Amino acid sequence: MSTAAAFRQHLDACAEEGSLRRLGSSFAHFIATLHDGPTPVPLLLACALLCELEGRGHSCLDLRELADDPCRLLTWPIEQWERLALAAGTLPDCAAAWQHALASCSQVRLAHEDDRHQPLVLDGDRLYLRRYWTDETLVAGAVAARAAKPRDVDPDAVRRWLDQMFDPLVDGGPDWQKIACGVAVRSHFSIVTGGPGTGKTYTVARLLALLFALAEDPERLRIALAAPTGKAATRLKQSIDDALAGLAARLGDSLPLAHLAGRIGAALTLHSLLGARPDTRATRHHAGNPLDVDVLIVDEASMIHLGMMASLLDALPPQAMVILLGDKDQLASVEAGAVLGDLCHRAQEGCYTAATAAYVARACGESIPADMLCGGSELAQQTVMLRKSRRFDGSIGVLAGAVNSGDVEGARRALKGAPSAEVHWLERGRPDDLLRLALEGREAAGGFGAYLSRLKSHPVPGTDFAAHAAWVRDVLHAFDQFRILCAVREGDWGVAGINRMLERALDDEGLLRCRGEWYLGRPVMVTRNDHATGVFNGDVGIALPDPVRGDSLRVWFPHGATVRSVLASRLPHVETAFAMTVHKVQGSEFQHAAMALPPLRNGMLSRELVYTGITRARERFTLVSPEPGIFGDAILKRTRRASGLRARLGDEGVALEN
Ligand SMILES: Nc1ncnc2c1ncn2[C@@H]1O[C@H](COP(=O)(O)OP(=O)(O)OP(=O)(O)O)[C@@H](O)[C@H]1O
């Protein structure tokens, strides 16, 4: 048997025992079928590792890191790597040698060469699956071009309006919200990033008002609002409507803002905006059939994966401006890429040029601190980080800040609040503690108490539709007061186990009759997009009676200011949602969030995951963990995702910590 064939068998064995993704060994086999003669072993290994890392969200294989520190790259123990390396025989010993070994393979395209539809692309010391290289190239190109493409604005007019919209800061400047508006309005691409409650939507509402004020014909300005999930889209629209209503009152007759704001349609999910087609990556809107918009605002941009960002930018007409809103420190998308994190890589430092500072001084009346004038890419000039939280000025904010900066001791101190405090830690907790929190809360009518009591007051069948819809809205709202957030899916501390435990307890206590698959009050999360019923992955609804036929259960979902429903039996792809993974609650907030960390160190635990979980809590946050050390370990571990976006945008900066 040739060395290549023997190595392929070894990859199969690794897939069989679960140490490598099965897709990785299958892809290596596929590549071998395209090769005349025995396939070079480094190519087979690179294919398997590329797929392995793609499954963990990386967009490419970093050959430099593979050569220098494969265990760090793969987060494998040394023995696991050595076993694979031994089976591979002699491997290239540096990034240049890896490049050389791969560049001669016919299945690998060199980025600067003509495309012959090879499945792999080698770009410097990064190896890509073709699709990710194409997406990354498109995103980098579109972002750089749009950020550099100026809009024709009069800085003095911008200043006049901004001064009307913002009060001078009492605690000193700079007013980053004002700067964000001034900067965004001058180009076709911008980012407003900031933690929860820093005023991203407050700011973007002012930006919209500014655009109306500066437009020659504001009546014709086409504005679209979008977010990755239905829930985030609904929140965006609600927050923007509220902020515009407040601003309209402030601006009075100087701008017919209430009238203009009324013309902004509902916020859509990105899937709906782009016209995603079932079971394909194709969308109705693309460069050949662009979106019909002048201004696109996209919230919760940290959840957008590379492929989606590529589709979004491809579908934007050249004259449209796009503004991304999001928290760069939150968990990245489930799928490959950490696009917002990459684009905002230097947002903390600012990296503004003297020209930006001069524009900001004139258009916003603000001065950028000297230590932020280190110069940077066109994108850096269009990126503004909001730094002051208006919502989290108490313990939740202190905790989130400590976690975000990797300050384990500070985070531990912040967590040690009393049971009645905003933040509380059940060290050496057990799954039963989650049960108690869910059923009793930390105070009267906490946990799911409000939700369970609203459920009981359901109208009799045949009541008018409006009363039924009001009750459904009330139940959905009450359900959002509390949620259990899990880091993992499996085991006693995973969503499946905790949901089962809760259903049993609710049934035992006679609070819900959790018998069979569907029961009245079952909260569910959709796990797959279904165009036929119009529900999307991540949508959360509750099984409640039909308004007419009381014995038939429908699942009710929030739908803008109203509700919509689907017959429960038409929703095969759902799971119970008393407990949800932190990934799935991104874009949502709860009055009280209780986060469960599992007892074992797990690849899923990271600083971003803990930070995202904490910042889902509006008023109360409880951490339940059986092993105190896990929390500290988690916040010291940063998510690392290989990508070439930073380098392409000229914002590489410092290397990522582990
Ligand atoms: N400059 C300001 N002056 C007064 N209130 C403000 C200001 N900025 C924000 N707020 C208020 O702070 C709260 C949070 O603002 P906003 O919802 O815009 O934050 P956000 O960053 O979008 O939050 P999230 O990430 O949770 O969506 C809102 O009640 C908003 O009205």
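Residues numbered from 1 in each chain as written. Predicted model: local features only at pLDDT ≥ 70, side-chain atom pairs only at ≥ 80, totals over all residues.

A. Quick peek at the overall build of the protein. Looking only at helices and strands, one finds 27 helices and 20 strands in the protein. A globule of 658 residues ought to have a C-alpha radius of gyration of about 26 Å, and the protein, at 26 Å, matches this closely. Each principal axis of the C-alpha atoms in the protein carries an extent, and together these give about 75 × 70 × 50 Å. Considering only residue pairs separated by 6 or more positions, the protein has 73% of its internal contacts joining residues 24 or more positions apart. (Helix = DSSP H or I, 4+ residues; strand = E, 2+ residues; numbered from the N terminus. Rg over C-alpha atoms; globule rule 2.2 N^0.38 Å. Contact = placed C-beta atoms within 7 Å.)

B. Representation of the sheet that holds strand 18 (residues 579–581). Across the sheet, which stays open at both edges, the 5 strands sit in the order 11-20-19-12-18 with parallel pairing between neighbours. Here the strands that pair on one side only, and so sit at the sheet edges, are strand 11 (423–427) and strand 18. Pairwise comparison of adjacent strand axes, ignoring direction, gives a mean angle of 25° for this sheet. Where strand 12 (residues 482–486) lies against strand 18, 3 bridges are found, and the strand directions are parallel. Across the sheet, Ile-484 pairs through a bridge with Ala-579, a residue of strand 18. (Pairing = 2+ DSSP bridges. Axes fitted to C-alpha atoms, helices over the stretch in contact; angles between N-to-C directions.)

C. Structural detail: the site of the ligand. In the vicinity of the ligand, the contacting residues are Gln-177, Gly-194, Pro-196, Gly-197, Thr-198, Gly-199, Lys-200, Thr-201, Tyr-202, Ser-239, Arg-390 and Arg-391. In terms of residues, the shell around the ligand owes the most to one element, helix 11 (residues 200–214), which gives 3 residues. Its residues assigned to classes, the shell around the ligand comprises 2 nonpolar, 7 polar and 3 charged. (Near = placed C-beta within 6 Å. Nonpolar A, V, L, I, M, F, W, Y, C, P; charged D, E, K, R; others polar.)

D. Spatial organisation of the sheet that holds strand 2 (residues 108–110). Taken in spatial order, the 4 strands make up an open sheet running 1-4-3-2, and their pairing is mixed. Looking at the sheet topology across the chains shown, the edges are occupied by strand 1 (60–62) and strand 2. The average angle at which neighbouring strand axes cross in this sheet is 25°, direction not considered. Bridge count for strand 2 against strand 3 (residues 120–123) is 3 bridges, and the pairing is parallel. Residue pairing in the sheet places Val-108 in a bridge with Leu-120 of strand 3.

E. Focus on the UniProt feature "binding site: ATP" (unreviewed entry) in the protein. The residues that UniProt annotates with the feature "binding site: ATP" (unreviewed entry) are Gly-194, Gly-195, Pro-196, Gly-197, Thr-198, Gly-199, Lys-200 and Thr-201. Within the fold, Gly-194 resides in strand 5 (residues 189–194). The exposure class of Pro-196 is buried, given the 22 C-beta atoms found within 10 Å. (UniProt positions renumbered as here; feature names shortened; annotations may be inferred. Buried ≥ 20, exposed ≤ 12 C-beta atoms within 10 Å, placed from the backbone.)

F. Inspection of the packing of helix 1 (residues 3–17) against helix 2 (residues 22–33) at higher detail. Following both chains from N to C, one finds helix 1 and helix 2 inclined at 160°, their axes separated by 8 Å at the closest point. Considering their axes alone, helix 1 and helix 2 lie roughly antiparallel with respect to each other. With respect to the hand of their crossing, helix 1 and helix 2 are arranged in left-handed fashion. Contacts between helix 1 and helix 2 pair Ala-4, Arg-8, Leu-11, Asp-12, Cys-14 and Ala-15 from the former with Arg-22, Gly-24, Ser-25, Ala-28, His-29 and Ala-32 from the latter. Across the contact of helix 1 with helix 2, the residue classes tally to 6 nonpolar, 3 polar and 3 charged. (Parallel < 35°, antiparallel > 145°, perpendicular 65-115°, else oblique. Left-handed = near helix turned anticlockwise from the far one by under 90°.)

G. Summary view of the environment of Leu-379. The topology assignment puts Leu-379 in helix 18 (residues 378–381). Judged by the 28 C-beta atoms lying within 10 Å of it, Leu-379 falls in the buried class.

H. Fine view of helix 24 (residues 495–508). Its 14 residues place the ends of helix 24 20 Å apart at the C-alpha level, agreeing with the 20 Å of an ideal helix rising 1.5 Å per residue. For helix 24, the set of buried residues is Val-495, Ile-498, Asn-499, Leu-502 and Leu-506. Viewed along the axis of helix 24, the buried residues span an arc of 100°, placing them on a single side of the element. Those residues of helix 24 that are exposed and angled more than 90 degrees off the buried face are Arg-504 and Asp-508. (Expected span 1.5 Å × (residues − 1). Arc of directions from axis to C-beta.)

I. Structural view of the environment of Leu-605. Here Leu-605 is to be found in the loop between strand 19 (590–596) and helix 25 (607–614). C-alpha separation for the pair Leu-605 and Leu-244, spaced 361 residues apart in sequence, amounts to 39 Å. Those residues in contact with Leu-605 that lie beyond four places of it in its chain are Ala-487, Leu-597, Ile-630, Ala-634 and Lys-637.

J. Geometry of the pairing of strand 16 (residues 562–567). Pairing between strand 15 (residues 553–559) and strand 16: 6 bridges, direction antiparallel. Each residue of the ladder has a partner; that of Trp-556, found in strand 16, is Ser-565. Remark: 2 residues form the turn of the hairpin made by strand 15 and strand 16, two consecutive strands paired antiparallel; Gly-560 in that turn has positive phi of roughly 60°.

K. Structural context of the pairing of strand 3. With 4 bridges joining them, strand 3 and strand 4 (residues 126–129) adopt antiparallel strand pairing. Its bridge partner being in strand 4, Leu-120 is matched across the sheet by Leu-129. In this antiparallel pair of consecutive strands, strand 3 and strand 4, the connection spans 2 residues, and Gly-124 shows a positive phi of 65°.

L. Here's a closer look at the packing of helix 10 (residues 176–184) against helix 11. At their nearest, the axes of helix 10 and helix 11 sit 9 Å apart, and the two run at 40° to each other. Considered as vectors, helix 10 and helix 11 are oriented oblique to each other. The chirality of how helix 10 crosses helix 11 is right-handed. Of helix 11, the residues touching helix 10 (which contributes Gln-177, Ala-180, Cys-181 and Ala-184) are Tyr-202, Thr-203, Arg-206, Leu-207 and Leu-210.

M. Summary view of the confidence of the model for the protein. Averaged over all residues, the pLDDT of the protein equals 89, while 96% of them reach at least 70. Both scores are given for the predicted complex: the pTM is 0.88, the ipTM 0.98. (pLDDT = per-residue confidence, 0-100.)

N. Spatial organisation of unusual backbone geometry. The backbone phi angle of Cys-351 is positive, close to 60°, even though this residue is not glycine. Counting through the fold element by element, Cys-351 comes out in the loop between helix 16 (339–343) and helix 17 (354–364). Positive phi, normally seen in glycine, also occurs at Arg-428, with a value near 50°. For Arg-428, a count of 12 C-beta atoms within 10 Å corresponds to the exposed category.

O. Region of interest: the environment of His-259. By the element assignment, His-259 lies in helix 13 (residues 257–261). When the C-alpha positions of His-259 and Glu-219 are compared, they lie 9.2 Å apart, and in sequence the two are 40 residues distant.

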